[in-house]
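These are the residues of each chain, in order.
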Amino acid sequence: MATNRIFSLHVPEPECRPGDTPDFSKFEVPVAGEVVRPPVDVDAEDIHDHAYDIIRVLDDDGKAVGPWAEGLEDDEALKGLRDMMTVRSFDSRMLMAQRQGKTSFYMQALGEEAVSCAFQAALSPGDMNFPTYRQQGLLVTSGYPMLDMMNQIYSNSADPLHGRQLPIMYSSKEHGFFSISGNLGTQFIQAVGWAMASAINGDSKIAAGWIGDGATAESDFHSALVFASTFRAPCILNIVNNQWAISTFQGIARGRAATFASRGLGFGIPSLRVDGNDFYAVYAVAKWAAERAHLGHGATLIEHVTYRAGPHSTSDDPSGYRPKTEAADWPLGDPIARLKQHCIARGIWSEERHEQAQAEIDSEVIRTQKEAEKNGTLHDGPRASPRDMFEDVFKELPPHLKRQRQEAGI
Amino acid sequence: MARMTMIEAIRDAQDVAMSRDEKVVVFGQDVGYFGGVFRCTKGLQEKYGLQRCFDTPINESGIVGAAVGMGAYGLRPCVEIQFADYMYPAFDQIVSEAARLRHRSNKDFTAPLTIRMPTGGGIYGGQTHSQSPEALFAHVSGLKTMIPSNPYDAKGMLIAAIEDDDPVVFLEPKRLYNGPFDGYHEKAVTPWSKHELGEVPEGHYTVPVGKAAIRRPGEAVTILAYGTMVHVALAAAEETGIDAEVVDLRSIVPLDMETIEASVRKTGRCVVVHEATLTAGFGAELVALISQHCFWHLQAPPIRVTGYDTPYPHAHEWEYFPGPVRVGAALKTVMEAS
Ligand SMILES: Cc1ncc(C[n+]2csc(CCOP(=O)(O)OP(=O)(O)O)c2C)c(N)n1
Ligand SMILES: [Mg+2]
């Protein structure tokens, strides 16, 4: 008889911590252009490897290579570059505004801009995102006014959400951007519900769910997969694996699975991993998944492999849990630098034009910020009336809220 | 004795509990290596090892469910939910499992766990970092619910909670972590080091579960409060010059009815305050109990001063928060009646 082992609890730990030299040697960077582009009606079991590989289009020289290198036109590439630069410039101004006390809180998408900017470019009007708090690129790409974003961040008199919500928790039905909840994971299944409704209603719109690597551990993630699978919902389920969930490395959420994408396979959902810092690849994979949904083949799960280059939020200081230089060593590079290199290699862009565009974008962001500040900032100037707190709790103000508002004297 | 912030006191309580009893384990999101987003578990992993203090996946149901399983095995888990606003995915595990396990198994299995969570507003956290859900827990049979108002209590109550054989929800008013807060947000924060209840004994001690504390003796009116609102109530008494007796409940289940009754019978007037929304808040329970047990001593109808029945706002935090001005107005109203 074998003797029983005395157990000890296994708790995963990251490769390196503050003070260590960042080590991504175990992270294999696949060669661009090598992953097959299957037909969109493919079964999950026939593209098992896609959940473990990484689809990459842009090679080290910025050339678009392989079967996924199609569909991104010159003007789309340039718009993508501009959108990402806008997000980054916007983020840096708003981060500064938070430090200056003009708002309470901010979250950047630094290093992850390609994921949302490229994805949005693959959607059609009427499609609906159920975003996380780090997908401001969806709004910027869809042409939502930067001024409205800033007004929301400042909770000022022109804030479309009347100061009710935390900064960056935007909402715009018109721009296909569902109201952000602070509660992780809840919206992944709602995206599936929206897609099911589109099917029930005989519509042709698709939904996109968004979730972070950390939040895939929430039960709602699994709810989304089982509903999407069972009802073949016309949706795209995006996991943004930026390696970190506040201080927790991705191994805590992933456990012993090789990838987050592989979670989809057990539900029979075609699951792909894509280089999230490769604008072209994200765009191509999103287009593929959208076409799949439109043709009635149901959901696709996409894991965007990227890196959270900044702190989790303005309340966080990552130097307490990861090496300071880890972001710089991230093997998939910077999404803006890579698309810029591609556009130059394609002959449609240059260093000079890039510099000029940067200056234009920065000054546009600053100009918009000044305009927004005329409407007030969190602690200064005009804002929505406090009476507004009582509005929209229900469609009609019920008697008890009327009474409370009267008692409040506002 | 040492001066501690409430964060340090909470950390110290877990340290003491872990050092005395190796069955105490601590886990939750970001609590391991980093020591918690509010730093309430800082250093515990380093001191007690990965097996006894660790990070978990982001799944609140999983955190509490695992704690129930561990508790049934015989451990004493003390888990952290990062914000009370994020406890809802764990609600089923708390309500249907932890709270009823002892009863339904005829004490064959029990759930001796502590579920810590930062609660309350005051930090511009908007609707997802400001809620006060204590009434939801108080409504459930089989759960104890505690809310400390200062570092001394936080440590003694948390040790008592961890040593308690029943499940305890331990709500930590996050606005009090670094200093007492009386509702005047524009004033500089007074640190706990300047407050006598920031004086925290070293080592082991407990604050008895279900025992209220009188923070300010008074003859004119009783204010029932807990957490942040204790400090707001004290400020309101000070400002109005009304001789209010401020009772810090500390625990809402079990509830110290003896202290409450004695105070209300003495003063004949009562104001109940909490940050949480009004309707079916814990204030409703308190007013019902007072009406029943102190009816013949009352000289005025009891008044509740609470958050409004709206989601917690971001920009209008200070219009929403039941600060000293609102509490003071209620004090005047109960004093004027009859
Ligand atoms: C239900 C719930 N639990 C906990 C939190 C607190 N929280 C906010 S963001 C976060 C980390 C999320 O990490 P990830 O999903 O990887 O997204 P990322 O921030 O990296 O984009 C946590 C734990 C929350 N917002 N909601
Ligand atoms: Mg993440």
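Within any chain, residue numbers begin from 1 and follow the written order of that chain's sequence. To read the labels, note that chains go from A and ligands from 1, taken in the order they are written. Local features in a predicted model are, by the rule used here, given only for residues with pLDDT of at least 70; side-chain atom pairs are given and counted only at 80 or more, and totals for whole chains, interfaces and linings are based on all residues. The basis for every side-chain value is the complete set of non-hydrogen atoms in the structure, without hydrogens or water.

- Going by what an unreviewed UniProt entry lists, chain B is known as Branched-chain alpha-keto acid dehydrogenase, E1 component, beta subunit and is assigned to Pacificimonas flava.
- UniProt positions are given in the numbering used here, feature names are shortened, and annotations may be inferred rather than shown by experiment. Per UniProt, chain B has the following entry under Cofactor (unreviewed entry): "thiamine diphosphate".

## Brief notes about the nonpolar core
For step 1, the next point in the chain: Throughout, nonpolar core names a set of buried Ala, Val, Leu, Ile, Met, Phe, Trp, Tyr and Cys residues whose side chains join them through atoms within 4.5 Å. The buried label applies to any residue whose accessible area, calculated with a 1.4 Å probe on protein chains only, is under 20% of its type's maximum; exposed applies above 50%, and partly exposed to all values in between. Grouped together as the largest cluster of nonpolar side chains are 114 residues, with contacts concentrated most on Met 117 and Leu 224 of chain B.
For step 2, the next point in the chain: To qualify as a helix, a DSSP run of H or I must reach at least 4 residues; to qualify as a strand, a run of E must reach at least 2; elements of each kind are numbered from the N terminus. When residues of this core are assigned to their parent elements, the largest contribution, eight residues, is made by helix α1 (residues 6–20) of chain B.
For step 3, the next point in the chain: Residue ranges for the domains originate in an automatic or database domain assignment. Three or more residues apiece are contributed to this core by two domains, here domain 1 (2–200) and domain 2 (213–336) of chain B.
For step 4, the next point in the chain: In this structure, Met 117 of chain B is in contact with Ile 81, Phe 83, Ala 84, Met 87, Phe 137, Val 169, Phe 170, Leu 171 and Glu 172 of chain B, ignoring residues within four places of it in sequence.
For step 5, the next point in the chain: Core analysis: the next-biggest nonpolar cluster, separate from the first, contains 73 residues, Met 149, Ile 206, Trp 210 and Phe 279 of chain A among them. Should any heavy atoms of two residues lie within 4.5 Å, those residues are considered in contact.

## A short note on helix α1 (residues 74–99) of chain A
For step 1, the next point in the chain: A helix is expected to reach a length of 1.5 Å times the quantity of its residues less one. Here α1 of chain A spans 38 Å end to end across 26 residues, near enough to the 38 Å set by a 1.5 Å rise per residue.
For step 2, the next point in the chain: Immediately downstream of α1 of chain A, the backbone of Gly 101 of chain A shows phi near 80 degrees, a positive value.

## Regarding the pairing of strand β5 (residues 114–119) of chain B
Residue and element names in this part refer to chain B.
For step 1, the next point in the chain: Most of β5 sits inside the fold, with six of its six residues counted as buried.
For step 2, the next point in the chain: Every second residue of β5 is oriented toward a common face, with Thr 114, Arg 116 and Pro 118 on one face and Ile 115, Met 117 and Thr 119 on the other, all of them buried.
For step 3, the next point in the chain: Bridge count between strand β4 (residues 76–80) and β5: three bridges; the pairing is parallel. Counted as the bridge partner of Val 79 is Ile 115 from β5. The rule for pairing is simple: two strands pair if DSSP sees at least two bridges between them.

## What to know about the sheet that holds strand β2 (residues 207–212) of chain A
All names here are of chain A.
For step 1, the next point in the chain: If you trace the five strands from one edge of the open sheet to the other, you get β1-β2-β3-β7-β6, paired in parallel fashion. Either end of the sheet is taken by a strand with one partner, and the two such strands are β1 (128–130) and β6 (271–275). Neighbour to neighbour, the strand axes of the sheet diverge by 20 degrees on average, direction disregarded.
For step 2, the next point in the chain: In this sheet, β2 lies alongside β1 in parallel orientation, the contact comprising three bridges. Residue pairing for β2: Met 128 is matched across the bridge by Ala 207.
For step 3, the next point in the chain: Contacts between helix α2 (residues 113–121) and the sheet are confined to β1, β2, β3 (235–241) and β7 (300–305), with β2 contributing the most and set at about 170 degrees to the helix. What counts as an axis is a line fitted to C-alpha atoms, over the stretch in contact for a helix, and the angles between N-to-C directions run from 0 to 180 degrees.

## Let's talk about the UniProt feature "domain: Transketolase-like pyrimidine-binding" (unreviewed entry) in chain B
For step 1, the next point in the chain: Per the UniProt record, "domain: Transketolase-like pyrimidine-binding" (unreviewed entry) is found at residues 4–179 of chain B.
For step 2, the next point in the chain: Taken end to end, residues 4–179 of chain B is 36% helix and 16% strand, and its two terminal C-alpha atoms sit 10 Å from one another.

## As for the packing of α1 of chain B against helix α7 (residues 151–163) of chain B
All names here are of chain B.
For step 1, the next point in the chain: Closest axis-to-axis distance for the α1/α7 pair is 8 Å, and the angle between their directions is 30 degrees. In terms of axis orientation, α1 runs roughly parallel to α7. Two packed elements cross with a definite hand, and for α1 against α7 that hand is right-handed. Here α1 contributes Met 6, Ala 9, Ile 10, Asp 12, Ala 13, Gln 14, Val 16, Ala 17 and Arg 20 to the contact with α7, which in turn contributes Pro 151, Ala 154, Lys 155, Leu 158, Ile 159, Ile 162 and Glu 163.
For step 2, the next point in the chain: Split by residue class, the contact of α1 with α7 holds 11 nonpolar, one polar and four charged. Geometric relationships in this document are graded by angle, where less than 35 degrees denotes roughly parallel, more than 145 denotes roughly antiparallel, 65 to 115 denotes roughly perpendicular, and other angles denote oblique. By the definition used in this description, the sense in which the near helix is turned from the far one sets the handedness, with an anticlockwise turn below a right angle giving left-handed and a clockwise turn giving right-handed. The residue classification treats Ala, Val, Leu, Ile, Met, Phe, Trp, Tyr, Cys and Pro as nonpolar and Asp, Glu, Lys and Arg as charged. All others, Gly included, are polar.

## Here's the deal with the packing of aromatic side chains
For step 1, the next point in the chain: We call Phe, Tyr and Trp rings a pair once their centres come within 6.5 Å, taking the six-membered ring for Trp, and we label the pair stacked below 30 degrees between planes, edge-to-face above 60, and tilted otherwise. The final tally for this structure, using the stated rule, is 26 aromatic pairs over all chains.
For step 2, the next point in the chain: Seen in terms of ring centroids, Phe 24 of chain A and Trp 330 of chain A are 5.4 Å apart; in terms of plane orientation they differ by 80 degrees. Their pairing is edge-to-face. Pair noted here: Phe 24 of chain A is in the segment before α1 and Trp 330 of chain A is in the loop between α9 (326–329) and α10 (335–345), with a separation of 306 residues, a long-range link.
For step 3, the next point in the chain: Consider the rings of Phe 38 of chain B and Tyr 177 of chain B, whose centres lie 5.1 Å apart with planes at 50 degrees: the pair is tilted. Separated by 139 residues along the polypeptide, Phe 38 of chain B in the loop between β2 (24–28) and α2 (44–48) and Tyr 177 of chain B in the loop between β7 (168–173) and β8 (199–200) bring together distant segments of the chain. Both residues of the pair, Phe 38 of chain B and Tyr 177 of chain B, belong to the buried class.
For step 4, the next point in the chain: Members of the aromatic cluster, joined through ring pairs, are Phe 24, Phe 27, Tyr 307 and Trp 330 of chain A.
For step 5, the next point in the chain: Put simply, a charge is over a ring when the Lys NZ or the Arg CZ is close to the ring centre, within 6 Å, and near the line of the ring normal, within 35 degrees. Directly above the aromatic system of Tyr 33 of chain B lies the positively charged group of Arg 17 of chain A, at a separation of 3.6 Å from the ring centroid.
For step 6, the next point in the chain: When the ring centre of Phe 34 of chain B is taken as reference, the NZ or CZ atom of Arg 39 of chain B above it lies at 4.1 Å.

## Let's talk about the domain arrangement of chain B
Residue and element names in this part refer to chain B.
For step 1, the next point in the chain: You can read the domains of chain B as domain 1 (2–200) and domain 2 (213–336).
For step 2, the next point in the chain: Of the residues lining the interface, 35 residues belong to domain 1; the matching set on domain 2 comes to 31 residues.
For step 3, the next point in the chain: Summed over both partners, the accessible area (1.4 Å probe) lost when two parts come together is defined as the buried area. Between domain 1 and domain 2, a total of about 2,500 Å² is buried, with carbon and sulfur atoms accounting for 61% of that surface.
For step 4, the next point in the chain: On the domain 1 side of the contact with domain 2, Tyr 124, Ile 147 and Tyr 184 bury the most area, a combined 21% of that side's loss.
For step 5, the next point in the chain: We count a salt bridge whenever a side-chain nitrogen from Lys or Arg sits within 4 Å of a carboxyl oxygen from Asp or Glu. Note that Asp 153 is salt-bridged to Arg 250, the shortest N-O span being 3.1 Å.
For step 6, the next point in the chain: Side-chain atoms alone can form a polar contact between residues adjacent in sequence; in general such a contact is a pair of N or O atoms within 3.5 Å, and within protein one must be able to donate a hydrogen while the other accepts it. Where domain 1 touches domain 2, the interface holds 15 residue pairs in polar contact (both at pLDDT 80 or more).

## Some details on the interface of chain A and chain B
For step 1, the next point in the chain: Listed per partner, the contact involves 44 residues of chain A and 37 residues of chain B.
For step 2, the next point in the chain: Overall, the association of chain A and chain B removes approximately 3,400 Å² of surface from exposure, summing both partners, and the carbon and sulfur fraction of that is 59%.
For step 3, the next point in the chain: The interface formed by chain A and chain B includes one salt bridge.
For step 4, the next point in the chain: In this structure, the salt-bridge partner of Glu 319 of chain B is Arg 383 of chain A, at a minimum N-O distance of 2.3 Å.
For step 5, the next point in the chain: At the boundary of chain A with chain B, the tally comes to 17 residue pairs in polar contact (both at pLDDT 80 or more).
For step 6, the next point in the chain: Here the side of chain A that touches chain B takes four residues from helix α12 (residues 399–408) of chain A, the largest share from any one element.
For step 7, the next point in the chain: Residue composition of the side of chain A that touches chain B, grouped by class: 20 nonpolar, 17 polar and seven charged.

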